[in-house]
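Next come the chains, spelled out residue by residue.
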There are 2 protein chains.
Amino acid sequence: MADPIRIMIVEDHNIVRQGLVALLQTVSDFVVVAEAADGRRAVELFREHQPDVTLMDLRLQKMNGVEAIGRIRSDFPLARIIVLTTFDGDEDIYRALQAGARGYLLKGMEGDELMDAIRAVHAGKSRIPSAVAERLAGRMSGPVLTDRETDVLRLIVKGNSNKEIASKLTITEATVKTHVNNLLSKLGVSDRTQAATTALQRGIVHLD
Amino acid sequence: MADPIRIMIVEDHNIVRQGLVALLQTVSDFVVVAEAADGRRAVELFREHQPDVTLMDLRLQKMNGVEAIGRIRSDFPLARIIVLTTFDGDEDIYRALQAGARGYLLKGMEGDELMDAIRAVHAGKSRIPSAVAERLAGRMSGPVLTDRETDVLRLIVKGNSNKEIASKLTITEATVKTHVNNLLSKLGVSDRTQAATTALQRGIVHLD
DNA sequence: CTCCTCCTCAACCTTTCGATGGACCTTGGT
DNA sequence: ACCAAGGTCCATCGAAAGGTTGAGGAGGAG
């Protein structure tokens, strides 16, 4: 038999992570060599163990999954990382793949698919389920928010008025209104409350 | 050795559920007798297997966890159910305990605590971590939204204007404004967008 | 019965939003 | 060098939202 696949698991919910470990240990050619509960620790442990495949959730303490992927890949460009998350919205999928993830799995999938994906990614392939790929395509076709618009959107979600946004970005309220207008049309909604909820739904911003 | 504790797991994410099963199987006096991926199935399987302890997530397809708990407890008042979730906000904790849950655990806790909780609840005790209990106390002290206010809040989160809300509830816009005003002061916010985001954060309503 | 809460509605006023049109500037392609 | 495009910026105006006060009816608790 070939060498086992050495796996690192990055997941902030202890019970879930321990469950994943137990699940993967039931497969003879998998061995979990490291576990991390947050992004910073993930980067450290990757350096130390250099696992064959890394399973990474995106919502993490201290450093989010996307940033952790980026840092790991900048040190180890061949790192094979699979995102394993509970669908955080189109935007997160896109950013994770941009950062260098080779696979993107949803926790709702079957354990078998997880095993397959680990083997596939370990063999140098990538693994994007069609359901995820479709969302990605949708994101591509849709309009992309500019940096400034994203700034404004983030402040809207936090409950700021246009005046407050203007103050925080040191621009006039009129300018904020322009950005808000562009946001609304790009997001396909008609007011800021809808903008906030769809931004959360699509994962463009998060509540912390 | 005593009889093993017969456990049912209700969790919509397959991978997480299978991980939990694998984790619990590592303990000799636990045996997982049923698994459900949604609330309806949970009620069916409880009838069929009548497990000693049920681990239940709250965010489920077809029937949410709170409703499933209520139905199970109406048929089996002695059912011992532990909520195992990723903190959905104060409101869900309250509703789950109201519905008859004996324990409320967060997925971020250690596996040991899960095992302890299962044994404690099986022995007829209850298990509410202090972190959860504090939030519960906070909820108690805070003002409680009326039914109508909750209706309005739900429609606000969906992005409806006051006029649209009035139409959908078949009341006048003036009345809607009254409810909105009461909502804002009860939630301690100053506009509807903040109301929407804090409602999501506190788990009073959910995005689907 | 009476008190209290909730739901309902109205009038009035102030502030905020959203829509529109146009300015300047940088960037990349011709 | 040019100009086309997109991003950021700003002003004005009508519409919507929020604040305030007041008030009537229905239903439950004491």
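Thresholds applied
- Residues numbered from 1 in each chain as written.
- Chains lettered and ligands numbered in written order.
- Predicted model: local features only at pLDDT ≥ 70, side-chain atom pairs only at ≥ 80, totals over all residues.
- Heavy atoms only, no water.
- Axes fitted to C-alpha atoms, helices over the stretch in contact; angles between N-to-C directions.
- Helix = DSSP H or I, 4+ residues; strand = E, 2+ residues; numbered from the N terminus.
- Parallel < 35°, antiparallel > 145°, perpendicular 65-115°, else oblique.
- Contact = heavy atoms within 4.5 Å.
- Nonpolar A, V, L, I, M, F, W, Y, C, P; charged D, E, K, R; others polar.
- Near = heavy atom within 4 Å.
- Polar contact = N/O pair within 3.5 Å; in protein donor to acceptor, adjacent residues only side chain to side chain.
- Pairing = 2+ DSSP bridges.
- Core = buried A, V, L, I, M, F, W, Y, C linked by side-chain atoms within 4.5 Å.
- Buried < 20%, exposed > 50% of the residue type's maximum accessible area, 1.4 Å probe, protein only.
- Least-squares fit on C-alpha atoms with pLDDT ≥ 70 in both.
- Domains from an automatic or database assignment.
- Salt bridge = Lys/Arg side-chain N within 4 Å of Asp/Glu carboxyl O.

Some thoughts on the packing of helix H7 (residues 147-157) of chain A against helix H10 (residues 192-201) of chain A
Residue and element names in this part refer to chain A.
- At a minimum axis distance of 9 Å, the contact between H7 and H10 shows a crossing angle of 100°. Relative to H10, H7 is oriented roughly perpendicular. Where H7 approaches H10, its residues Leu153, Ile156 and Val157 are matched on the opposing element by Arg192, Ala195, Ala196, Ala199 and Leu200.
- Here the residues of the contact of H7 with H10 are counted per class, giving seven nonpolar, no polar and one charged.

Overview of the protein's contact with DNA strand D
- Around DNA strand D there are 17 residues in total, and A:Thr146, A:Thr175, A:Thr178, B:Lys177 and B:Arg192 lie nearest to it.
- Of all DNA strand D atoms lying within 4 Å of any protein atom, the proportion belonging to sugar or phosphate reaches 65%.
- At a separation of 3.3 Å, a phosphate oxygen of DNA strand D approaches a polar side-chain atom of A:His179.
- A breakdown of the residues in the surface near DNA strand D according to their chemical character gives four nonpolar, nine polar and four charged.

As for the sheet that holds strand S4 (residues 81-85) of chain B
Residues and elements named next belong to chain B.
- Strand order in the open sheet formed by five strands is S2-S1-S3-S4-S5, with parallel pairing between adjacent strands. Edge positions in the sheet fall to strand S2 (30-36) and strand S5 (103-106), since each has one partner strand and no second. Averaged over all pairs of adjacent strands, the angle between strand axes in this sheet comes to 25°, irrespective of strand direction.

As for the nonpolar core
- Counting residues in each nonpolar core, the largest one holds 76 residues, and the members touching the most others are A:Leu24, A:Ile69, A:Ile118, B:Leu24 and B:Ile118.
- Excluding its chain neighbours within four sequence positions, the residues that come into contact with B:Leu24 are B:Ile7, B:Ile9, B:Phe30, B:Val32, B:Leu55, B:Leu114, B:Met115 and B:Ile118.

Considering the protein's contact with DNA strand C
- Around DNA strand C, the surrounding shell holds 18 residues, and the nearest of these are A:Asn162, A:Lys177, A:Asn181, B:Thr146 and B:Thr172.
- Backbone atoms, meaning sugar and phosphate, form 65% of the atoms of DNA strand C found within 4 Å of the protein.
- Side-chain polar atom of B:Thr175 to a phosphate oxygen of DNA strand C: 2.8 Å apart, as the coordinates give it.
- Note that a phosphate oxygen of DNA strand C is positioned 3.0 Å from one of the side-chain N or O atoms of B:His179.
- Within the residue set of the surface near DNA strand C, elements represented by two or more residues are helix H8 (162-169) and helix H9 (173-187) of chain A together with helix H7 (147-157) and helix H9 (173-187) of chain B.

Section: the relation of the copies chain A and chain B
- It takes a turn of 180° to lay chain A on chain B, together with a shift of 0.0 Å along the axis; the resulting RMSD is 0.1 Å. Considering both components of the superposition, the chain copies are consistent with a two-fold axis. Across chain A, the smallest distance between a C-alpha and the rotation axis is recorded for A:Gly19, namely 1.9 Å.
- Both copies share a contact surface, since 100% of the interface residues of chain A are interface residues in chain B too.

What to know about the domain arrangement of chain A
- Split into domains, chain A comes out as domain 1 (5-140) and domain 2 (147-202).
- When each unit is reduced to the centre of its C-alpha atoms, the spacing between domain 1 of chain A and domain 2 of chain A is 32 Å.

Structural notes on the interface of chain A and chain B
- In this complex, chain A contributes 32 residues to the contact, which on the side of chain B involves 32 residues.
- At the surface where chain A touches chain B, the tally comes to zero salt bridges.
- Here chain A is connected to chain B by 17 residue pairs in polar contact (both at pLDDT 80 or more).
- Among the secondary structure elements, those contributing two or more residues to the side of chain A that touches chain B are helix H1 (14-25), helix H5 (111-122), H7 and H10 of chain A.
- Per-element tally for the side of chain A that touches chain B: the top contributor is H1(A), with eight residues.
- Per-class residue counts for the side of chain A that touches chain B are 14 nonpolar, 12 polar and six charged.

With respect to the sheet that holds strand S5 (residues 103-106) of chain A
All names here are of chain A.
- Strands sit in the order S2-S1-S3-S4-S5 across an open sheet of five strands; the sheet is parallel. The outermost strands of the open sheet, each flanked by one partner alone, are strand S2 (30-36) and S5. Each neighbouring strand pair of the sheet contributes to a mean axis angle of 25°, computed without reference to strand direction.
- When strand S1 (residues 5-10) meets S2, the two strands line up parallel, connected through six bridges. From the neighbouring strand, Ile9 faces S2, where its bridge partner is Glu35.
- The strands touched by H1 within the sheet are S1, S2, strand S3 (53-56) and strand S4 (81-85), with S2 carrying the most contacts at an inclination of about 165°.
- Running at roughly 140° to S2, helix H2 (residues 39-49) makes contact with S1, S2 and S3 of the sheet.

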